[in-house]
Amino acid sequence: MEVSERLSYYGINQGLKNFMKENLHWSGVSSNSIKSTWTSLCYLTPLLGAYLADERWGRFKTIAIFGTWYLIGDILMAVAAHPHVLNWKETNVSGVFDKKGANIDTAQGIFVFALFACIGVGTGAIKSNVITLGADQFNPDDPKETAQKITFFSYFYWCVNFGAAFSYGYLATLCVEGSASISADYGYFATFLICACVMGVALFFFFVGSSRYIKLPPNSDAMSKLVRVLTRASGRSVAARGACAGFLVLLLSFVLNLIAVFLKDGSSERKGMTYCAGAMAVVGCVLWVLSGIHYENVTEAKASKGGPIDDQSIDEIKMIVRVLPFAAFMVMWQCVYDQIDANFQSIAQQTDLRFGDEWDATQLSGAVLGVFDPVAIIILIPILDTVVYPFYLKKMGKPASPFGKVLVGLVVSTVTMFYVGGFETMRRNSGVLLHSNVTNPSQMIPIMNKAGGEPMNALLWGWNIPQYVLVALCECLINVTAYDVFYSEVPMYLKSSCQAINLFMVSMGSNVTSIFTLLFQKDIPDDLNEGNLERMFYAVGAVSAINLFFYVVVMRKMQFGMHSTQDHLRQGDELNEKEALINRTSNLMDARESFTQMRA
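Residues numbered from 1 in each chain as written. Predicted model: local features only at pLDDT ≥ 70, side-chain atom pairs only at ≥ 80, totals over all residues. Heavy atoms only, no water.

Time to look at the overall build of the protein chain. Counting secondary structure elements, the protein chain contains 19 helices and four strands. Computed over its C-alpha atoms, the radius of gyration of the protein chain comes to 25 Å, within 12% of the 25 Å expected for a compact globule of 600 residues. Overall, the protein chain is about 85 × 50 × 50 Å in size when its C-alpha atoms are taken along their principal axes. In the protein chain, which comprises 600 residues, the share counted as buried stands at 60%. Within the protein chain, residue pairs in contact and separated by at least 24 positions form 80% of the contacts whose partners lie at least 6 positions apart. Surface summary for the protein chain: the accessible area is close to 23,100 Å², and the carbon and sulfur share equals 64%. (Helix = DSSP H or I, 4+ residues; strand = E, 2+ residues; numbered from the N terminus. Rg over C-alpha atoms; globule rule 2.2 N^0.38 Å. Buried < 20%, exposed > 50% of the residue type's maximum accessible area, 1.4 Å probe, protein only. Contact = heavy atoms within 4.5 Å. Areas by Shrake-Rupley, 256 points an atom, 1.4 Å probe, with all protein chains shown as cover.)

Structure representation (C-alpha cells):
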C-alpha cells in the first residue's frame with residue numbers, strides 16, 4: 001500500500017510547479033511557495049489522523065476513510081487537468097489545443113479544492129498511521145521482533161522511495177511530453193488519472209489484507225490527554241506553558257504563510273505577512289527547545305506536589321515534552337529536504353536537458369532529476385544497514401547512536417546548501433544556449449525547455465545529480481532515525497501522536513521553505529538567469545549552521561539520543577522504566593497483553 005500511495009503522491013507532487021505555472025498561469029515564485037505550503041499542509045494534518053486513530057476510529061478505519069477521501073482528490077485533480085475543463089479550444093490536429101484566452105476559473109477552483117481540501121487532508125491524516133500500524137505488527141515482548149521493527153522502519157522508507165522513483169522516472173516525463181498514444185496537452189490529465197488509479201490499487205490491497213493485521217483498538221484518549229494535561233499543567237509549569245505556546249505559535253506561522261502565498265506577487269502585504277510568519281517559526285522552535293530542556297519542570301503539576309494532575313499522567317506526558325527539542329531542530333533539515341521539489345527543480349529546468357547537441361534534440365524533463373533522490377535512498381539504506389553501521393559497531397564497540405546519525409546528516413545538509421548556492425552561480429555563468437533563427441539565420445535565439453518554457457544554460461543536466469544524492473544521504477541518516485526516536489521514546493498509547501509531531505515538523509520545514517521563497521522573491525524571477533537564487537540557498541545554509549550548533553549543545557546537555565535502541569535494551573534500570581511507561585495507557589490497559597491476545 002505504501003508503494004502505491006507514495007507513487008500517487010509524488011506523481012502529483014512532481015508536476016505541480018509546472019502545472020500551476022504553465023496551465024494556471026501563476027508566477028514561478030507563487031507556484032513554488034504554494035507547492036511548499038501544500039506540502040506543509042500534508043504534514044500538518046497527521047495531527048488530525050493521530051487524534052482519530054488513537055481516540056475514535058483506530059488506525060485501520062482512519063486509514064480507510066481518509067484514503068478514500070484522498071482518492072476523491074486524485075480524481076478531481078484529473079478533472080481539473082482535462083483540456084475541456086481548462087476551456088482550451090480544439091484545433092484541427094487531434095489531441096492538440098489552442099490555450100490562448102482560455103477561461104480557467106473553473107479548473108482553478110477544482111484544483112485548489114482537490115489539492116488542499118482533499119489530498120492535503122487525506123494524505124496527511126493517514127501518514128502517521130500507516131507506519132504505526134506496520135510497527136504494531138511486531139511483538140514488543142520478543143527481542144527478535146524488536147530488532148526487526150528497526151529494520152522495518154528502514155525498509156518502509158525504502159518502499160516510500162521505490163514508489164517515488166516511478167513517479168519521477170516516468171510520470172514527470174508523461175505530464176510534459178505525453179506518450180505515443182497520449183498527446184502533450186493530455187499529459188497532466190493522464191498523469192493525475194494514473195495517480196487516481198494507483199491510489200485505488202493501494203486501497204484495494206489495504207482492504208484485502210485486513211484480516212491479517214493486528215488492529216489495536218482506539219483504547220486511549222492520547223491526543224486529548226496530551227493537550228489536556230499540558231494545558232492544565234501550564235498553571236504550575238513553565239515547560240508545559242512553553243510547549244503549548246510553541247505549538248500555537250508554529251501553527252500561527254503556517255496560517256500567516258498560507259495567507260501570504262495567495263497575496264499579490266511583490267506586494268508589501270505579502271512581504272509583511274511573510275516576515276511575521278518567519279518570526280513566528282523561530283519563536284515557536286525556541287519555545288519548544290527551552291521547554292524540552294526543562295522537561296522535568298512538568299512534574300511541578302503532579303498531584304503529589306499539590307498540582308492538578310495525577311503523577312502517572314505527568315510521568316507519561318513529560319516524555320513527549322522531552323522529545324520537543326529534537327523535533328524543533330528537524331525544521332531546518334526539512335526545509336533543506338523540501339528544496340528538491342521546489343527550487344532544485346527550478347535550477348534543473350535551466351540546465352542543458354538535451355540528449356545531443358541539436359537545438360531540437362529530445363529533452364529530459366527537469367522534474368525527472370528528482371528520481372535520483374529515491375534511487376539513491378534505495379541504494380544507500382541497504383549499504384548503511386549492512387555495511388556502514390556494522391563496520392562502525394565493529395570499530396567502536398557500540399552501535400551508532402541516534403544523536404550521531406542525525407549530527408552527520410545535519411552537517412551534510414548544511415554543506416549541501418552552500419554547495420547548491422555555488423552550483424547555481426556556476427549554472428547562471430555558463431551562459432544561455434542559443435541557436436540560429438530559422439527565418440533569420442543571423443539572429444540567435446535561446447533554446448527553451450519544454451516543461452516550463454525557460455531558457456536553458458550550457459551546464460549539462462548531469463551536474464544536478466550530486467545535490468539530490470547528498471539530500472538522499474541526509475534522509476537515510478535523519479528521517480529513518482527520527483522514525484525510531486519518535487516511536488521509541490514515548491509510551492505505547494502516545495506513539496501515533498508522537499509520529500504526528502514528527503510529521504508536524506516536516507510540515508514546518510515546508511512552511512519555512514515557502515517563507516524563504518517569498519522573502520527572496522526578488523531574487524527568484526521566472527527566468528533564474530535574471531535573478532540571484534543562490535542568495536536564498538546561502539541564507540538557508542547559514543540558518544542551518546546555527547541550527548546545527550544549537551543541536552549539538554542542547555542534545556549533549558540533555559544527553560538525548562546518545563544511546564542506540566540496542567543499548568537501551570541492555571540497560572536494566574532504563575528498560576524497567578521504559579517498560580513501566582509502555583505498559584500504561586490512559587485507561588490502564590496493558591498494551592502488551594492486548595497485542596498478545598490479538599495476535600493469538
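This next bit is on the side chain of Arg-270. By the element assignment, Arg-270 lies in helix α9 (residues 268–293). Excluding anything up to four places from it in sequence, Arg-270 contacts Val-29, Ser-30, Ala-260, Val-261, Leu-263, Lys-264, Asp-265, Leu-518 and Gln-521.

This part is about helix α3 (residues 46–80). A rise of 1.5 Å per residue sets the reference length of α3, with its 35 residues, at 51 Å; its end C-alpha atoms lie only 26 Å apart and thus fall more than 12% short of the reference. Of all the bends in α3, the greatest, near 120°, is centred on Trp-57. (Expected span 1.5 Å × (residues − 1). Bend = angle between axes of the 7 residues up to and from the residue.)

It is worth spelling out the pattern of salt bridges at this point. Summed over the entire model, instances satisfying the criterion amount to 17 salt bridges. The partner of Arg-59 in a salt bridge is Asp-136, and the shortest N-O contact between them spans 2.6 Å. Taken together, the positions of Arg-59 in helix α3 and Asp-136 in the loop between α4 (105–135) and α5 (143–177) put the pair 77 residues apart, joining distant regions of the chain. For Lys-318, the salt bridge goes to Glu-296, with nearest N and O atoms at 3.1 Å. One end of the pair, Lys-318, is in helix α10 (residues 311–338); the other, Glu-296, is in the loop between α9 and α10, and 22 residues separate them in sequence. A network of salt bridges, in which partner residues are shared, links Glu-296, Lys-302, Asp-315 and Lys-318. (Salt bridge = Lys/Arg side-chain N within 4 Å of Asp/Glu carboxyl O.)

Let's shift gears to a nonpolar patch on the surface. A surface patch of nonpolar side chains, amounting to about 370 Å² of accessible area, comprises Val-375, Ile-379, Ile-383, Val-387 and Val-388. With respect to the helices, strands and loops of the structure, Val-375 is situated in helix α12 (residues 372–396). The partly exposed category is assigned to Val-375, whose relative accessible area is 33%. (Patch = residues over 30% accessible without salt bridge, like charges linked within 9 Å, V, L, I, M, F, W, Y side chains within 5 Å.)

A few words on the environment of Arg-232. With respect to the secondary-structure elements, Arg-232 resides in helix α7 (residues 222–233). We classify Arg-232 as partly exposed; its relative accessible area is 44%. A sequence separation of 51 residues divides Arg-232 from Val-283, and the C-alpha atoms of the two residues are 22 Å apart. With residues near it in sequence (within four places) discarded, Arg-232 still touches Pro-308 and Ile-309.

The next point concerns the packing of helix α2 (residues 28–44) against α4. Each pair of packed helices gets described by two things: the angle between the helix axes and the distance between those axes. Close contact between α2 and α4 brings their axes to 7 Å; oriented N to C, the two are set at 40°. Comparing their axes, α4 and α2 come out oblique. Between α2 and α4, the contacting residues are Ile-34, Thr-37, Trp-38, Leu-41, Cys-42 and Tyr-43 on the first element and Leu-115, Phe-116, Ile-119, Gly-120, Thr-123, Gly-124 and Lys-127 on the second. (Axes fitted to C-alpha atoms, helices over the stretch in contact; angles between N-to-C directions. Parallel < 35°, antiparallel > 145°, perpendicular 65-115°, else oblique.)

Contact geometry of helix α13 (residues 402–429) with helix α16 (residues 534–558) gives a least axis separation of 9 Å together with a crossing angle of 165°. Overall, the two elements α13 and α16 adopt an arrangement that is roughly antiparallel. Both α13 and α16 take part in a crossing whose hand is left-handed. In terms of residue class, the contact of α13 with α16 is built from 18 nonpolar, six polar and four charged. (Left-handed = near helix turned anticlockwise from the far one by under 90°. Nonpolar A, V, L, I, M, F, W, Y, C, P; charged D, E, K, R; others polar.)

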